[in-house]
Amino acid sequence: MLPVFMFLALHPIPATARSGLAGLRVRAQGRIGGARESVASPLASPSRSCSPCGSTKRVLGFPAYLKKPLLRNTITSATKTPGVGKAVASVGALAYWYWVFVSDVPPGNMVLKSSPETLKLALDCSINFWFILPTFASDLAPQVHPVMEGLFNFVVTWTMMMFGFYTEAREQKKISTLGFFIAMPFLTNAVYLPYLALRESPVQPLRDDRELDALEQVAESPNLGRLFGAIGVMCLFWTTLGRPEYGALMERVSSFSDLVQSDRVPWAFLVDFICLSIFQSWLVSDDMARRSFDRSTSKGLAALWASRLVPYFGLAYYLSVRTPLKGKSK
């Protein structure tokens, strides 16, 4: 329910859908002769018009107040009002820092009082990153709950995927985009949410036509989204089938639930999953405007809504199909 609430809060239905349109008839003498108001209803006949020049064209069965935000090449409500978006990101960042690092209310100890077991769990997950050691040298790999390993790799790879927006570094004058992106895999939302709050949010197409440097070429490659999508599938596979000694899926979920209720690390990564699900698409609208990716096309519309509604894989899909940046390449 929380992602749905956040989405509705940042994508309100326009006021014209609620109050209708007012048509004014102005006499030649300059006086207002009359006015009429027609209430805009989703079921209203497409032949009705408020235009003084005749009937307006509407898509049959598709209300105007839905057509406008969905099909017109505009930015999202959060980007239209960057102050609101920055405020929401700032509150989210402060809440994340408090609940994950400072508060004693969540399971486990706060960061400054972390137990040796908690630190060992975080280190073991890092050693087994992307399941390389457990797959090719299982005798040397630390033993970690497979659901914990899958969640850890899923979240860290999710933050690494944000590197696909690296070209917006050209538009950031006050902060180091590369510095934030390097820190994200290590501190996840503790860095990502402050970045959303601090970054500038230009919406015009990119006019800087310099050649793409090496990092920008990597970030712009559609193979980046495909690679991260494949890693996401691997995380799901490992979560459900990796380390067969942990039993079937329901047994894994049950034992992982016990772990979440006793340790701060798995609890924090569940919070990371929720936060990234809510905020993963916040860079997409600016990225579409930067490269003139027309969201009125079926491809653009599918990419936009996939990034908004499908956690992780929707963002990987967007990075795989978006329009190339209009600039020079080496």
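Definitions and limits used
Residues numbered from 1 in each chain as written. Predicted model: local features only at pLDDT ≥ 70, side-chain atom pairs only at ≥ 80, totals over all residues. Heavy atoms only, no water. Helix = DSSP H or I, 4+ residues; strand = E, 2+ residues; numbered from the N terminus. Contact = heavy atoms within 4.5 Å. Core = buried A, V, L, I, M, F, W, Y, C linked by side-chain atoms within 4.5 Å. Buried < 20%, exposed > 50% of the residue type's maximum accessible area, 1.4 Å probe, protein only. Patch = residues over 30% accessible without salt bridge, like charges linked within 9 Å, V, L, I, M, F, W, Y side chains within 5 Å. Areas by Shrake-Rupley, 256 points an atom, 1.4 Å probe, with all protein chains shown as cover. Salt bridge = Lys/Arg side-chain N within 4 Å of Asp/Glu carboxyl O. Axes fitted to C-alpha atoms, helices over the stretch in contact; angles between N-to-C directions. Parallel < 35°, antiparallel > 145°, perpendicular 65-115°, else oblique. Left-handed = near helix turned anticlockwise from the far one by under 90°. Nonpolar A, V, L, I, M, F, W, Y, C, P; charged D, E, K, R; others polar. Expected span 1.5 Å × (residues − 1). Phe/Tyr/Trp six-rings, centres within 6.5 Å; stacked < 30°, edge-to-face > 60°.

### Description of the overall build of the chain
Phase 1 of the analysis: A count of helical and extended segments in the chain gives 17 helices and two strands.
Phase 2 of the analysis: Counting contacts in the chain only where the partners sit at least 6 residues apart, residues at least 24 apart contribute 71% of the total.

### As for the side chain of Ser307
Phase 1 of the analysis: Along the chain, the position of Ser307 falls in helix α16 (residues 298-309).
Phase 2 of the analysis: In contact with Ser307, other than residues within four places in its own chain, are Gln280, Ser281, Val284, Gly314, Leu315 and Tyr318.

### Concerning the nonpolar core
Phase 1 of the analysis: Met148, Met162 and Tyr192 are the most contacted members of the largest nonpolar core, which totals 63 residues.
Phase 2 of the analysis: Considering each element in turn, this core owes the most residues, nine residues, to helix α14 (residues 264-279).
Phase 3 of the analysis: In contact with Met162, not counting residues within four places along its chain, are Phe181, Met184, Tyr192, Leu276, Gln280, Leu283 and Leu315.

### Some points on a nonpolar patch on the surface
Phase 1 of the analysis: A contiguous nonpolar patch, built from Leu178, Ile182, Phe186, Leu187 and Leu215 and spanning about 480 Å² of accessible area, is present on the exposed surface.
Phase 2 of the analysis: If one sorts the elements of the nonpolar patch by residue count, helix α9 (residues 177-187) sits on top with four residues.
Phase 3 of the analysis: Assignment of secondary structure puts Ile182 in helix α9.

### Some words on the packing of α16 against helix α17 (residues 313-321)
Phase 1 of the analysis: At a minimum axis separation of 7 Å, α16 and α17 run at an interaxial angle of 150°. Looking at the two axes, α16 sits roughly antiparallel to α17. Considering only the axes of α16 and α17, their crossing is left-handed. Counting all contacts with α16, which are made through Lys299, Ala302, Ala303, Ala306 and Ser307, the residues of α17 involved are Gly314, Leu315, Tyr317, Tyr318 and Val321.
Phase 2 of the analysis: Tallied by class, the residues present in the contact of α16 with α17 amount to seven nonpolar, two polar and one charged.

### Observations concerning the environment of Gln204
Phase 1 of the analysis: Residue position: Gln204 is located in the loop between α10 (189-198) and α11 (214-220).
Phase 2 of the analysis: When the C-alpha atoms of Gln204 and Asp286 are compared, they prove to be 8.3 Å apart, with 82 residues separating the residues in sequence.
Phase 3 of the analysis: Beyond its immediate sequence surroundings of up to four residues, Gln204 is in contact with Ala289 and Arg290.

### Thoughts on α16
Along an α-helix, a turn takes 3.6 residues, which lines up residues three or four apart on a common side.
Phase 1 of the analysis: With 12 residues, α16 ought to run about 16 Å at 1.5 Å a step, and its terminal C-alpha atoms sit 16 Å apart, in line with that.
Phase 2 of the analysis: Residues Gly300, Ala303, Leu304, Ala306, Ser307 and Arg308 constitute the buried set of α16.

### Considerations on the packing of aromatic side chains
Phase 1 of the analysis: Overall, the coordinates contain 20 aromatic pairs when judged by the stated rule.
Phase 2 of the analysis: Measuring from centroid to centroid gives 5.3 Å for Phe163 and Tyr166, while their planes differ by 20°, and the two rings are stacked. Of the two residues examined, Phe163 and Tyr166, each falls in the buried class.
Phase 3 of the analysis: Grouped by ring-pair contacts, the aromatic residues Phe154, Trp158, Phe273, Tyr312 and Phe313 constitute a single cluster.

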